[in-house]
Amino acid sequence: MSGRTHARARPERTCVGCRERAAKTELLRIVAIKDACVPDPRGTLPGRGAYLHPAPVCLDQAVRRRAFTRALRAPGALDTKVLRQYVEQTTVAEQATP
């Protein structure tokens with residue numbers, strides 16, 4: 001036996017809202033396009049990304065702490081209206097599925 005585990009290592013990221021580490025697949029990638037935070041659920045948009053639990057609590061904490069501006073290295077404040085709509089829709093959809 002070589003002592004190696006058969007479980008594959010999964011990449012981890014830190015949520016900018018609650019600052020907890022989680023698997024990359026459990027978090028939502030956020031990118032800055034012009035002056036807005038845009039969700040990137042597929043993870044394919046170009047540019048620097050920040051990760052967030054798709055929960056309103058984490059979103060509120062990130063906005064209050066101005067975490068998106070720092071994490072995405074934006075020069076000014078970012079609009080989170082589109083991101084908030086996406087997070088609210090996904091939480092409603094998750095609650096509707098049994």
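No experiment lies behind these values; they were computed from the predicted model shown.

### Quick look at helix H3 (residues 81-96)
For the α-helix, the turn length of 3.6 residues means that residues three or four positions removed from each other point alike. Helix length check: H3, at 16 residues, gives a terminal C-alpha distance of 23 Å against a target of 22 Å (1.5 Å per residue), a fit within 8%. Listed as buried for H3 are Leu83, Val87, Thr90 and Thr91. Viewed along the axis of H3, the buried residues span an arc of 100°, placing them on a single side of the element. In H3, those exposed residues whose orientation departs by more than 90 degrees from the buried face are Lys81, Gln89, Val92 and Ala96.

### Examining the sheet that holds strand E5 (residues 49-52)
Taken together, three strands build an open sheet; the order of strands is E4-E3-E5 and the sheet is antiparallel. Of all strands in the sheet, those with a lone pairing partner are strand E4 (36-40) and E5, marking the two edges. Taken pair by pair, the neighbouring strands of this sheet meet at an average axis angle of 40°, ignoring direction. By the bridge criterion, four bridges tie strand E3 (residues 28-33) to E5 in an arrangement that is antiparallel. Counterpart to Val31 in the pairing with E5 is Gly49. Running over the sheet, H3 touches E3, E4 and E5 and is turned about 35° from E4.

### Thoughts on the pattern of salt bridges
What the rule picks out here adds up to three salt bridges. Notably, a salt bridge pairs Glu12 with Arg21, separated by 3.3 Å at the nearest N-O pair. With a relative accessible area of 43%, Glu12 lands in the partly exposed category. We classify Arg21 as exposed; its relative accessible area is 53%. A salt bridge links Arg84 to Asp60, with the nearest nitrogen and oxygen atoms 2.9 Å apart. Of this pair, Arg84 sits in helix H3 while Asp60 sits in helix H1 (residues 56-64), placing them 24 residues apart in sequence. Classification of Asp60 by relative accessible area gives partly exposed; the value is 36%.

### Quick word on unusual backbone geometry
Positive phi outside glycine occurs at Arg19, with the angle close to 65°. Topologically, Arg19 is positioned in the loop between strand E1 (12-14) and strand E2 (21-23). At Arg66, a position not held by glycine, the phi torsion is positive, near 55°. Position of Arg66 relative to the elements: it lies in the loop between H1 and helix H2 (67-71).

The rules behind the values
- Residues numbered from 1 in each chain as written.
- Predicted model: local features only at pLDDT ≥ 70, side-chain atom pairs only at ≥ 80, totals over all residues.
- Heavy atoms only, no water.
- Helix = DSSP H or I, 4+ residues; strand = E, 2+ residues; numbered from the N terminus.
- Expected span 1.5 Å × (residues − 1).
- Buried < 20%, exposed > 50% of the residue type's maximum accessible area, 1.4 Å probe, protein only.
- Arc of directions from axis to C-beta.
- Pairing = 2+ DSSP bridges.
- Axes fitted to C-alpha atoms, helices over the stretch in contact; angles between N-to-C directions.
- Contact = heavy atoms within 4.5 Å.
- Salt bridge = Lys/Arg side-chain N within 4 Å of Asp/Glu carboxyl O.

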